[in-house]
Amino acid sequence: MGMNVANCPRCGKIFVKGFNDICPNCVKEIDQQYERCVKYVRENRGTSINDLSEATEVSIKQITKFIREGRISIMNAPNMSYPCEVCGTLIRDKTICESCRSKLAKDVKNNTEDELRRKELNAQENRGSFNIKDRLKERH
């Protein structure tokens, strides 16, 4: 049984893969970033994600990940929000904003309707071509 060795996607160093997909040093660094963020949010409830990022030197992307993972709660931080994954508008829940969500739903609905129309047209064409073939057979 060989060891599962990989390059850390975060820093590039080789490490033995265990429970984490990143090396132990990066896990430790992310945990330290998390602690800094939690401490700052506790002491500054009115902070925004930009202020938090500047004060802790933790990227907005990483802070957003902490929030989405449920590690940082924004319930008691009224000014805290994070970017929508599609358009970047600041939101307080889910992964995409209401506008992008409704556009996505509309696109899915339109694609489904288009697919149904295509199937109906194909079915009509197939019925039509069978009729022509059948008629040709009847003549001979």
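Quick summary incoming for the structure in this document. (Residues numbered from 1 in each chain as written. Predicted model: local features only at pLDDT ≥ 70, side-chain atom pairs only at ≥ 80, totals over all residues. Heavy atoms only, no water.)

**Quick word on the nonpolar core**
- If you look at the biggest cluster of nonpolar residues, it comprises 27 residues, and the most contacted ones within it are Cys 37, Ile 63, Phe 66, Ile 67, Ile 72 and Met 80.
- Of all elements in the fold, only helix 1 (24–43), helix 2 (49–56) and helix 3 (60–68) reach the threshold of two or more residues within this core.
- With 6 residues, the top contributor of residues to this core is helix 1.
- Ignoring anything within four residues of it in the chain, the contact list for Cys 37 reads Leu 52, Thr 56, Val 58, Ile 63, Phe 66 and Ile 72. (Core = buried A, V, L, I, M, F, W, Y, C linked by side-chain atoms within 4.5 Å. Buried < 20%, exposed > 50% of the residue type's maximum accessible area, 1.4 Å probe, protein only. Helix = DSSP H or I, 4+ residues; strand = E, 2+ residues; numbered from the N terminus. Contact = heavy atoms within 4.5 Å.)

**Brief notes about the environment of Ala 55**
- Examined against the element boundaries, Ala 55 turns out to sit in helix 2.
- Residue classification places Ala 55 among the partly exposed residues on the basis of a relative accessible area of 44%.
- Between the alpha carbons of Ala 55 and Arg 36 there is a distance of 9.1 Å; along the sequence they are 19 residues apart.

**A closer look at the packing of helix 1 against helix 2**
- Across the interface, helix 1 lies against helix 2 with an axial gap of 10 Å and an inter-helix angle of 125°. As judged from the angle between their axes, helix 1 and helix 2 are oblique. Crossing of helix 1 over helix 2 shows right-handed handedness. On helix 2, the residues that touch Arg 36, Cys 37, Tyr 40 and Val 41 of helix 1 are Asp 51, Leu 52, Ala 55 and Thr 56.
- Broken down by class, the residue content of the contact of helix 1 with helix 2 amounts to 5 nonpolar, 1 polar and 2 charged. (Axes fitted to C-alpha atoms, helices over the stretch in contact; angles between N-to-C directions. Parallel < 35°, antiparallel > 145°, perpendicular 65-115°, else oblique. Left-handed = near helix turned anticlockwise from the far one by under 90°. Nonpolar A, V, L, I, M, F, W, Y, C, P; charged D, E, K, R; others polar.)

**What about the pattern of salt bridges?**
- Using the criterion set out here, one finds 12 salt bridges in the structure.
- The partner of Arg 117 in a salt bridge is Glu 113, with the nearest N and O atoms 4.0 Å apart. Taken as a pair, Arg 117 and Glu 113 lie in helix 4 (residues 98–139) at a separation of 4 residues, close to a single helical turn.
- Glu 113 sits in the partly exposed class, given a relative accessible area of 30%. (Salt bridge = Lys/Arg side-chain N within 4 Å of Asp/Glu carboxyl O.)

Note that every value here comes from positions in space, so none of it alone points to a role or purpose.
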